[in-house]
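# Observations on chain architecture
Listed below, chain by chain, are the residues.
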Amino acid sequence: MCVIIYFRLVFCVFAILYSIFAFGSIDKVNFFGLNSYSNIDLLKKINFIFKKKEVSSNNIIEFLYSLKSFKFIKLSVLNNTLYVKFIELPIIKNIQVLGVKDKKYIYSLLSKFNIRIGNLYNNYSIGLFKKRLGIYYANLGFNNIDVDINVEFDSLKNTIKLIFNINTHKKPRIKDIKIFGNEIFHQDKLLKLLSHSKTNFLSWFVNDDIYLKGKLVSDLEIIRSYYIDKGYIGFQFTFVKILLSKNKKYVYIYIYVHEGNSSYINVVNINCDYLSVIEKVAIILRDILKKGQICSRKKIVYAQRKLMDYFYGSGYINATIRFDIAYVGKNTVNVDFFIKRKSRIIVRKIVFIGNNITEDNVLRKKIPQQEGNCISMHAVNLGTNEIIR
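Quick look at the structure, then. Small disclaimer: the values here were computed from a predicted structure and weren't measured.

The rules behind these values
Each chain has its residues counted from 1, running along the sequence as written. The model is predicted, so local features are restricted to residues of pLDDT at least 70 and side-chain atom pairs to those at 80 or more, both for listing and for counting; the totals for chains, interfaces and linings are taken over all residues. As a rule here, side-chain values come from all non-hydrogen atoms in the structure, and water together with hydrogens is ignored. Under the scheme used here, helices are H or I runs from DSSP no shorter than 4 residues and strands are E runs no shorter than 2 residues, and both carry numbers assigned from the N terminus. In this scheme, a residue with accessible area under 20% of its type's maximum is buried, one over 50% is exposed, and one in between is partly exposed, where area comes from a 1.4 Å probe on protein chains only. The contact definition used throughout considers only heavy atoms, calling two residues in contact when any of these lie within 4.5 Å. The accessible surface values rely on the Shrake-Rupley method and a 1.4 Å probe; as for residues, cover is taken only from the protein chains in view. Any pair of nitrogen or oxygen atoms within 3.5 Å is treated as a polar contact; in protein, a donor-acceptor pairing is required on top of that, and neighbouring residues in sequence qualify only through side-chain atoms on both sides. A patch consists of residues whose relative accessible area exceeds 30% and which take part in no salt bridge; residues with like charges are grouped when within 9 Å of each other, and nonpolar side chains (Val, Leu, Ile, Met, Phe, Trp, Tyr) when within 5 Å. Any Lys or Arg side-chain nitrogen located within 4 Å of an Asp or Glu carboxyl oxygen qualifies as a salt bridge. Strand pairing follows a simple DSSP-based rule, namely that at least 2 bridges must link the two strands. Note on method: axes are straight lines fitted to C-alpha atoms, helices fitted across the in-contact stretch only, with angles between N-to-C directions ranging 0 to 180 degrees. Helix span, expected: 1.5 Å multiplied by one less than the number of residues in the helix. In what follows, roughly perpendicular refers to angles from 65 to 115 degrees, roughly parallel to angles under 35, roughly antiparallel to angles over 145, and oblique to any angle outside these ranges. Left-handed is the label given to a crossing in which the near helix is rotated counterclockwise from the far helix by less than a right angle, and right-handed is the label when the rotation is clockwise. Under the convention adopted here, Pro, Cys and the residues Ala, Val, Leu, Ile, Met, Phe, Trp and Tyr are nonpolar, Asp, Glu, Lys and Arg are charged, and Gly plus all remaining residues are polar.

### Regarding the overall build of the protein
In terms of helices and strands, the protein carries 12 helices and 12 strands. A burial count over the protein gives 36% of its 389 residues as buried. Contacts in the protein between residues at least 24 apart in sequence constitute 57% of all its contacts with a sequence separation of at least 6. For the protein, the exposed surface amounts to about 24200 Å²; the carbon and sulfur share of it is 54%.

Structure follows, in structure tokens:
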């Protein structure tokens, strides 16, 4: 049976190859240089891929290269025989990591990109590994790593030994950090908000002068939130410049901002399907957000939290509330609240678990929440605190 299948595959491949080469029929196919694939396995792949695909010599070579197993392929025809010569990619025989103490993550990252012993060596995977490794160390404060890869090639066995020599160097220190474009708030006030700081006499203890990319992203969000909470809804960063000194020991951080103008509330809109809900929400909001006052995101978030407390306390624990701020003039904005009340939840039963000493009826007296009533998170939390006392 296997013999019949093999000859059918060979016949299909001959038919494909006959359409490629216009100078006569092909009676025989010879593969040279295969180690990772057997002849029959490769014939199966060729037959399968070209059942529904246009056949050409370029397509076949392109397909064979797409297997990522060969670094050289040559087709030639002589005396009605097709000769296919392969030079396979070398197989990784050994991997060694030098220069760092914590090698566990390095090996796991190598494995993630299929750089393992027994796998084929692939330059593209090596490039991806180096890029991801750079991101990993940058998040740890090592912004100037060197990864030297020594490849020891055994031409007789077509195997290689990979030696990764990683030099993280010392973490660069922040020599200077400045903010440009700020006129409303003084630079010193803004810099105090940041977790980063230029080197000072306490830096050796708190390490606040080590530049971390992720940490800087958080610092920028703190500055942005500070402005928006003060009513500067149009605040934005023009750009952020990170400079590394020539000796790669120091970092300079320059932050450029556009503060914009104070924004004032024009109208507070409530979007909800229930009129009774809109009336109640309007009562809650009118003492927090008023027409003509500075639009502070901090106050809007506070108003959102008060609305959530109201719905959670009324049994609508699946309610969702979101808000949007939209400019309607140069310095005026509308604040829109979008409310989905959803279904009210009724408490069917209250069960106590783990109370081996105190009876259920004693604990039940401490909880304002009752069975058969709408759930109130305020009542549940109050009862929980009473029991803990």
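Text resumes after the structure shown.
### Description of the side chain of Gln293
Residue placement: Gln293 occurs in the loop between helix H9 (275-286) and helix H10 (297-313). A polar contact of 3.1 Å, which involves the side chain of Gln293, links it to the backbone oxygen of Ile288. Leave out the neighbours within four places in its chain, and Gln293 touches Ser263, Tyr264, Ile265, Ile288 and Lys299.

### What to know about a nonpolar patch on the surface
Taken together, Tyr65, Phe72 and Ile87 make up a surface patch of nonpolar side chains, about 240 Å² in accessible area. Of note, Ile87 is situated in strand S3 (residues 81-88). Relative accessible area serves as the criterion here: at 35%, Ile87 is assigned to the partly exposed category.

### So, the sheet that holds strand S2 (residues 70-78)
Strands sit in the order S1-S3-S2 across an open sheet of three strands; the sheet is mixed. Pairing within the sheet leaves two strands with one partner each, and these edge strands are strand S1 (28-32) and S2. For this sheet, the mean inter-axis angle between neighbouring strands, taken without regard to orientation, is 15°. The pairing of S2 with S3 spans eight bridges and is antiparallel.

### Focus on the pattern of salt bridges
Taken as a whole and assessed by the stated rule, the structure comprises five salt bridges. Notably, a salt bridge pairs Arg173 with Asp209, separated by 2.7 Å at the nearest N-O pair. Taken together, the residues Arg173 in strand S7 (residues 173-180) and Asp209 in the loop between helix H7 (203-206) and helix H8 (213-229) connect sequence positions 36 residues apart.

### A closer look at H8
The terminal C-alpha atoms of H8, which comprises 17 residues, lie 24 Å apart, in line with the 24 Å expected from a rise of 1.5 Å per residue. When we look at burial in H8, the residues that qualify are Leu216, Asp219, Leu220, Ile223, Ser225, Tyr226, Tyr227 and Ile228. Looking at the packing, one finds that the buried side of H8 touches S7, helix H6 (187-191), strand S8 (236-244), strand S9 (250-258) and H10.

### What to know about the packing of H9 against H10
Two numbers describe how H9 lies on H10: the axes approach to 10 Å, and their chain directions differ by 135°. One finds that H9 runs oblique with respect to H10. Considering how the two elements wind past one another, H9 and H10 form a crossing that is right-handed. Along the contact surface, H9 presents Val277, Lys280, Val281, Ile284 and Leu285, while H10 presents Ala303, Lys306, Leu307, Tyr310 and Phe311. Of the residues belonging to the contact of H9 with H10, the class tally is eight nonpolar, no polar and two charged.

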